[in-house]
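Observations on the model geometry
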Amino acid sequence: MERLKHVVTQIAITPDCRLSELPLLHRSLLPLLSLASSIYRFSLFLRRRLYFSGLVHQRRHDLISLSLSLSLSLFLKRYILFPVVFRLPVPVISVGNLTWGGNGKTPMVEFIARLLDEAGIGPLILTRGYSGGDEAKMLHRHLLQTSARIGVGANRIATAASMFERHGYVNSCDTLSEKLSSPYKSVSGPKDERIGVVILDDGMQHWRVLHDVEIVMLNGLMPWGNNHLLPRGPLRESPSALVRADIVVIHHADLVPDTQLRMIESTVHNIDATLPVFHSRMAPSHFFEVKNPHSRLSPRTVQNMVVLCVSAIGFPNAFAQAISKIGPLHVDRLDFSDHHLIQADDIEMITERLGRLKHEFNVEAIVVVTEKDYDRDPVILKQLCCLKVLVLCSSLQIMPLSAWTKENFRMNLKKHLIDSLQEMNKK
């Protein structure tokens, strides 16, 4: 299965003009994948039409009506196959993408959660919790000292209802508007522990919840993939879906030439000339050792060393490039499919690769993994007990390119939230 995933991924990132360079096995799958993409395109169209056909609960739900409406929704979905779209009792920020993996959704979710926490607003992050729940575990570690709550579950409406019941929520639009309208300052003293805003992780294609703010992350290194929909390509929706966006962020902008950034911006503005386009990057802060999670090592630790990057993430190219920029002697890599759980056979493969590197460079190589890989299963990595295994810790930063700075992003987000609260007051 891992080999099949690798083959499909390789096809999905290969432009049509270079298909002839692929092995025969890969090319033999093209007709089947193209057919599957056509079916996906039709199902996407049908699903979109159903969700936006008018059966939308336009008023905000309190906790009781949300529970009743959820029961009705489950009945409709099970027996009538007709979806229902919900408005939650607090504003919803969706952070999503057009292509699979490596777009910086989860780091952006954390970034927004911190902005809201600093403004005295308690965020609730709703995430599906993919294989191993690596992203949810990482968010929990990072946001432990904030007012952020994390709800994990495939049914995000039910998860939200449960979290509202447990922690309460701010049901006054005026209270939220006042906090958002105040000049920025980090709130000191006791914080309001109630939920004030929901952040929907990977929310762009999750239409059961109505979005008040739509933030779309683009992978600057591969914004549109090969321009094909899943599974023939990495696109979950066509670029024209950006008409629904309120804010666009080009991620990994530090790894992209200026000319390519301008081309991406031009494509976005051809779809919507008014869209604000920000740029972000993952800034390495430190490493820690798998054997000692409380350790804190400088990024310079890997300078002039032989490094093996091991990852099971959506876009490992960016991870390998980030390590290369630090200045190691040599960077090798071992990539697994996104959310892959490392097995005993994989440990043997890693050990074998490290042996080859030692033979080639006559020094012990070190293994570097991402935080997602660590949080997915920290125990299995300890099986590399005789080796040094480091975890790279990074945080998302808004790059001050053009006029779009971190403060501009904060003000833009606040404006959209205040506008949504004003709409709530009218209904």
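Described below are features of the structure shown in this document.

Quick notes on the rules
- Residues numbered from 1 in each chain as written.
- Predicted model: local features only at pLDDT ≥ 70, side-chain atom pairs only at ≥ 80, totals over all residues.
- Heavy atoms only, no water.
- Helix = DSSP H or I, 4+ residues; strand = E, 2+ residues; numbered from the N terminus.
- Buried < 20%, exposed > 50% of the residue type's maximum accessible area, 1.4 Å probe, protein only.
- Contact = heavy atoms within 4.5 Å.
- Areas by Shrake-Rupley, 256 points an atom, 1.4 Å probe, with all protein chains shown as cover.
- Phe/Tyr/Trp six-rings, centres within 6.5 Å; stacked < 30°, edge-to-face > 60°.
- Pairing = 2+ DSSP bridges.

Describing the overall build of the protein chain
For the protein chain, the count of helices and strands is 14 helices and 12 strands. A total of 427 residues make up the protein chain; the buried ones form 52% of that total. Expressed as a percentage of contacts within the protein chain between residues at least 6 apart in sequence, the contacts between residues at least 24 apart total 78%. For the protein chain, the computed accessible surface area is about 19,800 Å², with 56% contributed by carbon and sulfur atoms.

A word on the packing of aromatic side chains
Going through the model one piece at a time under the given rule, you end up with five aromatic pairs. The interplanar angle of 70° and the centroid separation of 5.1 Å between the aromatic rings of Phe278 and Trp404 together place this pair among those described as edge-to-face. With Phe278 in strand E7 (residues 277–289) and Trp404 in the loop between strand E12 (389–398) and helix H14 (406–426), the pair connects residues that are 126 residues apart, well separated along the chain. For Trp404, a relative accessible area of 31% gives the class partly exposed.

Some points on the environment of Trp100
Its location among the elements puts Trp100 in the loop between strand E1 (92–97) and helix H5 (105–118). Trp100 sits in the partly exposed class, given a relative accessible area of 24%. Considering only alpha carbons, one finds Trp100 and Asn219, 119 residues apart in sequence, at a separation of 9.4 Å.

Some thoughts on the pairing of E12
Where burial is concerned, most of E12 is hidden: eight out of the 10 residues are buried. Of the strand pairs in this sheet, E7 and E12 are connected by nine bridges, and their pairing is antiparallel. What sits directly across from Met282, in E12, is Leu396. Bridge count for strand E11 (residues 366–370) against E12 is four bridges, and the pairing is parallel. In the sheet register, Val367 faces E12, and the bridge partner there is Val389.

Read these as geometric descriptors, not functional statements.
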